[in-house]
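# Secondary and tertiary structure notes
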Amino acid sequence: FGLMTYDPAYTNTASCRSAITYIDGDKGILEYRGYPIEQLAEQATFLEVAYLLIFGELPTKDELDEWTHAITTHTFVHENVKSFVEGFRYDAHPMGMLQASVAALSTFYPEAKKIDDEQVRYEQIVRLIAKVPTLAAFAYRHAKGMPYVYPDNDLNYAENFLGMLFKIAELKYDADPRIAKALDVLLILHADHEQNCSTSAVRSVGSSQVDPYSAVAAGVGALYGPLHGGANQSVLEMLQRIESVENVPGFIDGVKNGNERLMGFGHRVYKNFDPRAKIIKKAVDDVFEATGTTNPLLDVAQELERIALEDDYFVKRKLYPNVDFYSGLIYEALGLPVEMFTVLFAIGRTPGWVAQWLEMVDDKEQKIARPRQIYTGARGRDYVPLDQRG
Ligand code: CMC
């Protein structure tokens, strides 16, 4: 096989050069375009961070106003998209619906194929960031059997999404600003994470020069999986199964015996605390205070974390809580059903996907993604007619 290297799951292969997101997994550092995630989560807004990821610099006031205006005025989807969403079964998973409806957008904007045209690229980027929450909210309302709520362009990004989810008929829906802020922070934390499974899927599919909707739909599909974005749903289901603090040691023993994984723990790159998990853990308290709720599953999560961080099995393997460990508890406090958790991740990740797609399209070194293989099968066999096979 000459100089070919075997690297299943690409644990040691850089597939691209990128100037978007920096991670130091040993030190637990995450930066978007050089800015620490902690500062962005505390001081920036999601749309500001989206601009930063895509264009490389923090926007000036005028640039941010223009960008926000562009996103806000592209939130509506074609009426036929609504009919498309209506075609799904009542119990369809919203991630499946989101993946299909994002892919369907390519048929509504056929000009998106012209990926060499800078203006066309910009328009599709705006549309994707603007319309993904609308599609996500339609999926939610479909599952609930409730009429769809059209976007309200007077609201900010997070408030508009909450309104599209929860508004009832003509009743006015006022999002609690603390909840909207918590959601905005969560979206920032999920906005990019360099060459993770879904981003690699976007880059890989996009490298065929297909339109960005088709590429991003591939990212949504990858994110759906329980080892990736789907972990936030799996964490909550795991906590519900464990049920109480007394059951935690028995559950941990099961994990150590290889019966199942401790969901929300471990990361391919972080061999230390995931900095996003630290920020989310703090946000959990703010959300519970704003909603005036408590959740006994928070105690279960904290006990799991306490035991795991002291246990040899987890210490030796450098397994720490990741971004998904506490995010589900916040989403639940926001009143979202578990099936929507991964959808929230997808909304947050959309700017990252499009920023990475744009960087790839602009990169003259990038060719179509086409890994090689080490062939292990038979060779040179002669065809045996059906009636002679025994
Ligand atoms: N629980 C128990 N054992 C684990 C876990 C876990 N969550 N994660 C890894 N291990 C063990 C694994 O069994 C292996 O042990 P051994 O060396 O004895 O075979 C060792 O740790 C290394 O695991 P790996 O599967 O080779 O590590 P990876 O880098 O391929 O996987 C991971 C990373 C995130 C897929 C994995 O840690 C995992 O499955 N975690 C649970 C799912 C999860 O929380 N995913 C969210 C990831 S963060 C954000 C996102 O992408 O959504």
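In the block above lies the structure referred to throughout.
We now turn to the structure provided with this report. Quick caveat: nothing in here was measured; it's all calculated off a predicted structure.

### Regarding the overall build of the chain
Counting its secondary structure elements, the chain contains 17 helices and three strands. For 390 residues, the compact-globule estimate of 2.2 N^0.38 gives 21 Å, and the chain sits close to it at 22 Å. With the C-alpha coordinates aligned to their principal axes, the bounding extent of the chain is approximately 75 × 55 × 50 Å. When burial is assessed residue by residue, the chain has 51% of its 390 residues classed as buried.

### Quick word on the sheet that holds strand E2 (residues 29–32)
As summarised here, the arrangement of the three strands in space is E1-E2-E3, forming an open sheet in which the pairing is antiparallel. A strand with exactly one partner marks an edge of an open sheet, and here the two such strands are strand E1 (21–24) and strand E3 (35–36). In this sheet, E2 lies alongside E1 in antiparallel orientation, the contact comprising four bridges. Residue pairing for E2: Ile23 is matched across the bridge by Leu30.

### Considering the packing of helix H6 (residues 118–144) against helix H10 (residues 212–224)
Two elements in contact, H6 and H10, have axes whose closest approach is 10 Å; the angle formed by their N-to-C orientations is 40°. Between H6 and H10, the crossing angle belongs to the class labelled oblique. In this structure, the crossing between H6 and H10 has a hand that is right-handed. Across the interface between the two elements, Gln124, Arg127 and Leu128 of H6 pack against Pro212, Tyr213 and Val216 of H10. For the contact of H6 with H10, the class distribution of residues is four nonpolar, one polar and one charged.

### Structural notes on the packing of helix H9 (residues 197–206) against helix H17 (residues 341–362)
Where H9 meets H17, the axes come as close as 9 Å, and the angle between the chain directions of the two elements is 40°. In terms of crossing hand, the pair formed by H9 and H17 is right-handed. For the pair formed by H9 and H17, the contact residues are Ser198, Thr199, Val202, Arg203 and Gly206 on the first element and Arg349, Trp353, Gln356, Trp357, Glu359 and Met360 on the second. For the contact of H9 with H17, a count of residues per class yields four nonpolar, four polar and three charged.

### So, the nonpolar core
By size, the foremost hydrophobic cluster in this structure holds 124 residues, and its most contacted members are Trp67, Leu262 and Leu304. It is H17 that contributes the most residues to this core, 13 residues altogether. With residues up to four places along the chain from it excluded, the contact list for Leu262 reads Met238, Phe251, Ile252, Val255, Leu304, Ala308, Phe314 and Phe325.

### Things to note about the site of the ligand
If you check the shell around the ligand, you find 20 residues, and the closest are His228, Arg261, Leu262, Gly264 and Asp324. The side chain of His228 places a nitrogen or oxygen atom 2.7 Å from an oxygen atom of the ligand. Residue Phe265 places a main-chain N or O atom 2.9 Å away from a nitrogen atom belonging to the ligand. A total of 920 Å² of accessible area belongs to the ligand in isolation, and the protein chains cover 72% of it. Within the shell around the ligand, the residues separate by chemical class into 10 nonpolar, six polar and four charged.

### Some points on the pattern of salt bridges
Within this structure, the stated rule accounts for 16 salt bridges. Across the salt bridge formed by Glu111 and Arg127, the nearest N and O atoms sit 3.1 Å from each other. Taken together, the residues Glu111 in the loop between helix H5 (94–108) and H6 and Arg127 in helix H6 connect sequence positions 16 residues apart. The partner of Asp362 in a salt bridge is Arg121, and the shortest N-O contact between them spans 3.3 Å. Remark: Arg121 occurs in helix H6 and Asp362 occurs in helix H17; sequence separation between them is 241 residues. We classify Asp362 as partly exposed; its relative accessible area is 43%. Judged by relative accessible area, Arg121 falls into the buried class, the value being 10%.

Procedures and definitions
- Residues numbered from 1 in each chain as written.
- Predicted model: local features only at pLDDT ≥ 70, side-chain atom pairs only at ≥ 80, totals over all residues.
- Heavy atoms only, no water.
- Helix = DSSP H or I, 4+ residues; strand = E, 2+ residues; numbered from the N terminus.
- Rg over C-alpha atoms; globule rule 2.2 N^0.38 Å.
- Buried < 20%, exposed > 50% of the residue type's maximum accessible area, 1.4 Å probe, protein only.
- Pairing = 2+ DSSP bridges.
- Axes fitted to C-alpha atoms, helices over the stretch in contact; angles between N-to-C directions.
- Parallel < 35°, antiparallel > 145°, perpendicular 65-115°, else oblique.
- Left-handed = near helix turned anticlockwise from the far one by under 90°.
- Contact = heavy atoms within 4.5 Å.
- Nonpolar A, V, L, I, M, F, W, Y, C, P; charged D, E, K, R; others polar.
- Core = buried A, V, L, I, M, F, W, Y, C linked by side-chain atoms within 4.5 Å.
- Near = heavy atom within 4 Å.
- Polar contact = N/O pair within 3.5 Å; in protein donor to acceptor, adjacent residues only side chain to side chain.
- Areas by Shrake-Rupley, 256 points an atom, 1.4 Å probe, with all protein chains shown as cover.
- Salt bridge = Lys/Arg side-chain N within 4 Å of Asp/Glu carboxyl O.

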